[in-house]
Amino acid sequence: DTGVSQDPRHKITKRGQNVTFRCDPISEHNRLYWYRQTLGQGPEFLTYFQNEAQLEKSRLLSDRFSAERPKGSFSTLEIQRTEQGDSAMYLCASSYPQTSSHEQYFGPGTRLTVT
Amino acid sequence: RKEVEQDPGPFNVPEGATVAFNCTYSNSASQSFFWYRQDCRKEPKLLMSVYSSGNEDGRFTAQLNRASQYISLLIRDSKLSDSATYLCVVNMLTNAGKSTFGDGTTLTVKP
């Protein structure tokens, strides 16, 4: 399967713990995006990378959130000192902007539950 | 006010019906527009891009009205398999940087 993959698919953690999620984009895609989605809402933009450079970060992203893409391939999203309000589906997407459709390909997501 | 607004529905229609969804966006500098489809508990997938001249893909027609800042999606001869949430997406840049998603419109097609 050459699509976007995310790991883990589910994570249950206690409030105050740190969690880290991984995203592996489609190999030739140089753009990678992180979104958060809660029930009944559309995906909410968190941040995106072009290669290893983080080009934009949502102002909604608190200092507890950090994302990296050190070699321009896979990316990690870390949430420190988790809160119950962090419970959501975290979606990763990748794209190859030179294509005319600018389509973003999404991974299956990591569902985070903070207890 | 949200940057991208959609009627959440739900829209419940019989098979074969024609259904239309609208979406409005607040930023007049928006450059590119899309409809994504999201099935229950699945990731979003691109349905179609939306061009100023309007575009059609089989039973699906998308229209863009820049003056009024709205986008529409028309589904003709709806199928059971069309049941999903339809997300309107707006980008500021033509090369697709940050995407702003609406909260989606839920469609249920019934036999």
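Okay, so let's go over this structure. Every chain begins its residue count from 1, and numbering advances along the sequence as written. Chains and ligands are labelled sequentially in the order written, the chains with letters from A and the ligands with numbers from 1. Residues qualify for local features only when their pLDDT is at least 70, as the model is predicted, and side-chain atom pairs are given and counted only at 80 or more; totals for whole chains, interfaces and linings, by contrast, use all residues. Side-chain descriptors were evaluated using all non-hydrogen atoms of the structure, hydrogens and water having been removed beforehand.

Covalent bonding between the sulfur atoms of two cysteines defines a disulfide. Put simply, a disulfide is two cysteine sulfurs that come within 2.5 Å. All chains considered together, the criterion is met by 2 disulfides over all chains. Here A:Cys23 pairs with A:Cys92 through a disulfide, and the sulfurs are 1.8 Å apart. Note on the A:Cys23 and A:Cys92 pair: the S-S dihedral is about -65 degrees, so by sign convention the disulfide is left-handed. Placement of A:Cys23 in strand β3 (residues 19-24) and of A:Cys92 in strand β9 (residues 88-95) is noted, with a sequence separation of 69 residues between them. We classify A:Cys92 as buried; its relative accessible area is 0%. A sulfur-sulfur distance of 2.0 Å marks the disulfide that ties B:Cys23 to B:Cys88. Across the S-S bond of B:Cys23 and B:Cys88 the torsion is about -75 degrees, and the bridge reads as left-handed. Separated by 65 residues along the polypeptide, B:Cys23 in strand β3 (residues 19-25) and B:Cys88 in strand β9 (residues 84-91) bring together distant segments of the chain. In this text, helices come from DSSP runs of H or I with a minimum length of four residues, and strands from runs of E with a minimum of two, each type numbered from the N-terminal end. Throughout, exposure labels follow a simple rule: accessible area from a 1.4 Å probe, protein chains only, divided by the maximum for the residue type, with under 20% read as buried, over 50% as exposed, and the rest as partly exposed.

Before going further, it helps to spend a moment on the nonpolar core. One broad rule of soluble globular proteins: the nonpolar side chains tend to lie buried together. With 23 residues, the main nonpolar core has B:Phe21, B:Trp35, B:Ile71, B:Leu73, B:Ile75, B:Tyr86 and B:Leu107 as its most contacted residues. Breaking this core down by element, the ones donating at least two residues are β3, β4 (32-38), β5 (45-50), β7 (60-65), β8 (70-75), β9 and β11 (105-110) of chain B. Here, residues are in contact when the closest pair of their heavy atoms is within 4.5 Å. If we ignore the near neighbours within four places in the chain, the residues touching B:Leu73 are B:Val19, B:Ala20, B:Phe21, B:Trp35, B:Leu47, B:Met48, B:Phe60, B:Thr61 and B:Tyr86. Grouped together as the second largest cluster of nonpolar side chains are 19 residues, A:Phe21, A:Ala67, A:Ile79 and A:Leu112 included. Throughout this description, the term nonpolar core refers to a set of buried Ala, Val, Leu, Ile, Met, Phe, Trp, Tyr and Cys residues connected via side-chain atoms within 4.5 Å.

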